[in-house]
Amino acid sequence: MTHGERRPGRVFCAANRRVFRDVLRDLVAATPGLVHVGEASEGSETIAAVWTLRPDLVLMDARLRDRDADGFEVARILAESRRDLLVVLMSGDPIEPPRGLNGRGGEIRMIVKQELCPRILLDLWHGRRTR
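Residues numbered from 1 in each chain as written. Predicted model: local features only at pLDDT ≥ 70, side-chain atom pairs only at ≥ 80, totals over all residues. Heavy atoms only, no water.

Further remarks concern the packing of aromatic side chains. Counting across every chain of the model gives zero aromatic pairs. Taking the ring centre of Phe20 as reference, the NZ or CZ of Lys113 above it sits at 4.5 Å. (Phe/Tyr/Trp six-rings, centres within 6.5 Å; stacked < 30°, edge-to-face > 60°. Lys NZ or Arg CZ within 6 Å of the ring centre and 35° of its normal.)

Listed below in structure tokens is the structure:
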């Protein structure tokens, strides 16, 4: 990387359904400046992988299932662990996030799945808080 070039934003995708993870992977590939670094199908797997891979952005189904936590709880755990992390929770329907979801850590944003496209993904990425 030469002086003045930015490294691509590293994106991790989490969703229970393989078909949705495939769509997210294709979306990241179609978005300039972002690169897919991994994916998971459960909450605990997502937490472990994000801690290991250290992505900049996590795209996660709000209804991600796990034995111990739902998507909101996984997002809270991830955001509290890293101030520089952006977690985007996605849902098929507009939903109200639980109170106190955004705390002192990273940023958590909500989006309706049908709105997600490269332009919106870039808007989310470039509009994140920087610390």
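Here the narrative resumes, following the displayed structure.
Put simply, the chain has an average pLDDT of 86, and 88% of its residues get 70 or more. Low pLDDT, under 50, characterises residues 1-5; the stretch is placed with three contacts to residues that sit more than four places away or in other chains. (pLDDT = per-residue confidence, 0-100. Contact = heavy atoms within 4.5 Å.)

Take the nonpolar core next. Residues Phe12, Val58, Met60, Leu78, Val87 and Leu89 are the most contacted members of the largest nonpolar core, which totals 20 residues. At the level of secondary structure, the elements contributing two or more residues to this core comprise strand S1 (9-14), helix H2 (43-53), strand S3 (57-61), helix H3 (71-81) and strand S4 (86-91). A per-element tally of this core places H3 first, with five residues. The contact partners of Phe12, leaving out residues within four places of it in the chain, are Val37, Gly38, Glu39, Ala40, Thr46, Ala49, Val50, Leu53, Pro55, Leu57, Val58 and Leu59. (Core = buried A, V, L, I, M, F, W, Y, C linked by side-chain atoms within 4.5 Å. Buried < 20%, exposed > 50% of the residue type's maximum accessible area, 1.4 Å probe, protein only. Helix = DSSP H or I, 4+ residues; strand = E, 2+ residues; numbered from the N terminus.)

Let us now look at the environment of Glu39. Its location among the elements puts Glu39 in strand S2 (residues 34-40). C-alpha separation for the pair Glu39 and Cys13, spaced 26 residues apart in sequence, amounts to 4.6 Å. Setting aside residues up to four positions removed in sequence, Glu39 forms contacts with Phe12, Cys13, Arg18, Arg21, Arg25 and Glu45. Engagement of the side chain of Glu39 in a polar contact is seen with the side chain of Arg18, the distance being 3.0 Å. Side chain to side chain, Glu39 and Arg25 meet in a polar contact 3.1 Å long. (Polar contact = N/O pair within 3.5 Å; in protein donor to acceptor, adjacent residues only side chain to side chain.)

With that settled, consider the pattern of salt bridges. This model, assessed by the stated rule, comprises 12 salt bridges. The partner of Glu39 in a salt bridge is Arg21, and the shortest N-O contact between them spans 3.5 Å. Of the two residues, Glu39 sits in strand S2 while Arg21 sits in helix H1 (residues 18-29), which places them 18 residues apart along the sequence. A relative accessible area of 7% means that Arg21 is categorised as buried. With a closest N to O distance of 2.2 Å, Arg76 and Glu73 form a salt bridge. Placement of both Arg76 and Glu73 in helix H3 is noted, with a separation of three residues, approximately one turn of the helix. By relative accessible area, which is 25% here, Arg76 ends up partly exposed. (Salt bridge = Lys/Arg side-chain N within 4 Å of Asp/Glu carboxyl O.)

Along the polypeptide, Gln114 turns up in the loop between strand S5 (107-112) and helix H4 (118-126). Put simply, Gln114 and Met90 are 24 residues apart on the chain and 9.1 Å apart in space, counted from C-alpha to C-alpha. Setting aside its immediate chain neighbours within four residues, Gln114 contacts Ser91 and Gly92. Within the local environment of Gln114, its side chain forms a polar contact with the backbone oxygen of Gly92, the two atoms lying 3.2 Å apart.

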